[in-house]
Amino acid sequence: MEYTQLGRTGLKVSRLVLGTMNFGPQTDEPTSHAILDAALDAGINFTDTANVYGWGENKGRTEEIIGTWFAQGGGRRDKTVLATKVYGNMAGDGDPWPNHDRLSAVNIRRAVEASLRRLQTDYIDLYQFHHIDRRTPFEEIWQAVDVLIQQGKILYAGSSNFPGYKIAQANEAAARRGAVGLVSEQCLYNLAERRAEMEVIPAAQEYGLGVIPWSPLHGGLLGGVIKKEATGARRASGRSADALADTAIRAQVQAYEDLLDKHGLEPGETALAWLLTRPGVTGPIVGPRTPEQLGSALRAVELKLSEEVLAGLDEVFPGPGPSPEAFAW
């Protein structure tokens, strides 16, 4: 496994991030624990989750599964850089009671304590804001974060799904307080969705944030979905099925699969390997449902893409270009 610094921090993290969103809803606890063990054995030391994972009436279930894994001991917690998130409503569905979501100081304090209980740990390495909160000023958010850092309950703060200007606002507000501010941004970024290159990634690089792409296969669209359909291995579903209904997108994905077939490359591994070549990227989040899927992701770290392949990928999935030239001059 390769390691890199998380943004401008001294924290070393693996170039693949283990995503846990499937733990609970799709992957049972024993299998989830097996995946966590396999990831740690392979050198993946960075695990990402969120307080709302588990979804519906089972919000928090994913954190609980990670907590029971930590409780097994064997150095699991000490070897793991643990990231979780705050923002989503943790009250029961349809419960109108206020202050159970967003980024008020009240909810941040409540959410941290609840996550620590579920995770069976006394600190969170990276505490991420899952979405921007248009109602809460950053001065209040950073005040709450400063208290948690002083208490030793969190070590770093990060963002997720922030636009570039909010990254700038957040870190300028932190600088006025003499605080570290955001050290990472978790955003939607992959070959098929490159809009983050216009503003989000440049802002992250300017302020020293590590970029952590989620959905690196774009809901399976970049994992060889057409070939799998043709061979009967798996039918497209969800986001990939909706995308393939568009004839232009289907042609683009077919060109992608043809290019990789020509070079003897596996689509999913190539999509991950491409992200590892991108400026500012710390490591993509992989969310395996089985240990076998984790093995495929691990091979991407060792895959070196030729200039010919990289040029071909840019031709099939052209990026938006730099900002402001992409929309101005």
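The rules behind these values
Residues numbered from 1 in each chain as written. Predicted model: local features only at pLDDT ≥ 70, side-chain atom pairs only at ≥ 80, totals over all residues. Heavy atoms only, no water. Axes fitted to C-alpha atoms, helices over the stretch in contact; angles between N-to-C directions. Helix = DSSP H or I, 4+ residues; strand = E, 2+ residues; numbered from the N terminus. Parallel < 35°, antiparallel > 145°, perpendicular 65-115°, else oblique. Left-handed = near helix turned anticlockwise from the far one by under 90°. Contact = heavy atoms within 4.5 Å. Nonpolar A, V, L, I, M, F, W, Y, C, P; charged D, E, K, R; others polar. Pairing = 2+ DSSP bridges. Buried < 20%, exposed > 50% of the residue type's maximum accessible area, 1.4 Å probe, protein only. Right-handed = clockwise from strand over helix to strand, strands pointing away. Salt bridge = Lys/Arg side-chain N within 4 Å of Asp/Glu carboxyl O. Phe/Tyr/Trp six-rings, centres within 6.5 Å; stacked < 30°, edge-to-face > 60°. Lys NZ or Arg CZ within 6 Å of the ring centre and 35° of its normal.

(A) Geometry of the packing of helix 11 (residues 267–276) against helix 12 (residues 291–302). At a minimum axis distance of 8 Å, the contact between helix 11 and helix 12 shows a crossing angle of 45°. By the angle class used here, helix 11 and helix 12 are oblique. Between helix 11 and helix 12 lies a crossing of right-handed hand. Across the interface between the two elements, Glu269, Leu272, Ala273 and Leu276 from helix 11 touch Ser296, Ala297, Arg299, Ala300 and Val301 from helix 12. Class assignment for the residues of the contact of helix 11 with helix 12 results in six nonpolar, one polar and two charged.

(B) Expanded view of the sheet that holds strand 5 (residues 81–86). With parallel pairing, eight strands are arranged side by side in an open sheet as 9-8-7-6-5-4-3-10. A single partner strand is all that each edge strand has here, and the edge strands are strand 9 (210–214) and strand 10 (285–286). Taken together, the four bridges between strand 5 and strand 6 (residues 124–129) define a ladder with parallel strand orientation. Its bridge partner lying in strand 6, alanine 83 is registered against leucine 126.

(C) Quick look at the pairing of strand 6. Counting buried positions along strand 6 yields six of six residues, so the element is predominantly enclosed. Sheet topology places strand 6 next to strand 7 (residues 154–160); five bridges connect them, and they run parallel. Within strand 7, the residue paired with phenylalanine 129 across the bridge is serine 159. One crossover worth recording links strand 6 to the parallel strand 7 by way of helix 5 (residues 138–150), and it is right-handed.

(D) Quick peek at the pattern of salt bridges. This structure, assessed with the given rule, holds 17 salt bridges. Between aspartate 48 and lysine 85 there is a salt bridge whose closest N-O contact spans 2.8 Å. You can see aspartate 48 sitting in strand 4 (residues 46–48) and its partner lysine 85 sitting in strand 5, a full 37 residues away along the chain. Each member of the pair, aspartate 48 together with lysine 85, is buried. A salt bridge links glutamate 269 to arginine 299, with the nearest nitrogen and oxygen atoms 2.8 Å apart. With glutamate 269 in helix 11 and arginine 299 in helix 12, this residue pair connects regions lying 30 residues apart in the sequence. Classification of glutamate 269 by relative accessible area gives buried; the value is 11%.

(E) Broad picture of the environment of leucine 221. Examined against the element boundaries, leucine 221 turns out to sit in the loop between strand 9 and helix 8 (225–231). Along the primary structure leucine 221 and leucine 191 are separated by 30 residues, whereas in three dimensions their C-alpha atoms are 10.0 Å apart. Residues in contact with leucine 221, not counting those within four places in the same chain, are Ala192, Ser240, Ala243, Leu244, Ile249 and Val253.

(F) Highlighting the pairing of strand 5. Most of strand 5 sits out of view: six of its six residues are buried. Burial along strand 5 is two-sided: Val81, Ala83 and Lys85 and Leu82, Thr84 and Val86, pointing in opposite directions, are all buried. Here strand 4 runs beside strand 5; their pairing, made up of three bridges, is parallel. By the bridge assignment, threonine 47 is partnered in strand 5 with leucine 82.

(G) Structural detail: the packing of aromatic side chains. Taken as a whole and assessed by the stated rule, the structure comprises six aromatic pairs. Look at tyrosine 53 and tryptophan 55: their rings are 5.4 Å apart centre to centre, the planes differ by 45°, and that puts the pair in the tilted class. For tryptophan 55, a relative accessible area of 39% gives the class partly exposed. Aromatic pair tryptophan 69 and phenylalanine 70: ring centres 5.5 Å apart, planes at 40°, arrangement tilted. The pair tryptophan 69 / phenylalanine 70 is uniform in exposure class, with both members buried. Positioned over the ring face of tyrosine 123 is arginine 77, at 4.0 Å from the centre of the ring.

(H) Spotlight on the packing of helix 10 (residues 247–262) against helix 13 (residues 307–316). Interaxial distance between helix 10 and helix 13 falls to 10 Å at its minimum, and their mutual angle equals 170°. Comparing their axes, helix 13 and helix 10 come out roughly antiparallel. Each of Gln252, Ala255, Tyr256, Leu259, Leu260 and Lys262 in helix 10 lies in contact with helix 13, whose residues at this interface are Glu308, Val309, Gly312, Leu313 and Val316. Looking at the contact of helix 10 with helix 13 residue by residue, the classes come out as seven nonpolar, two polar and two charged.

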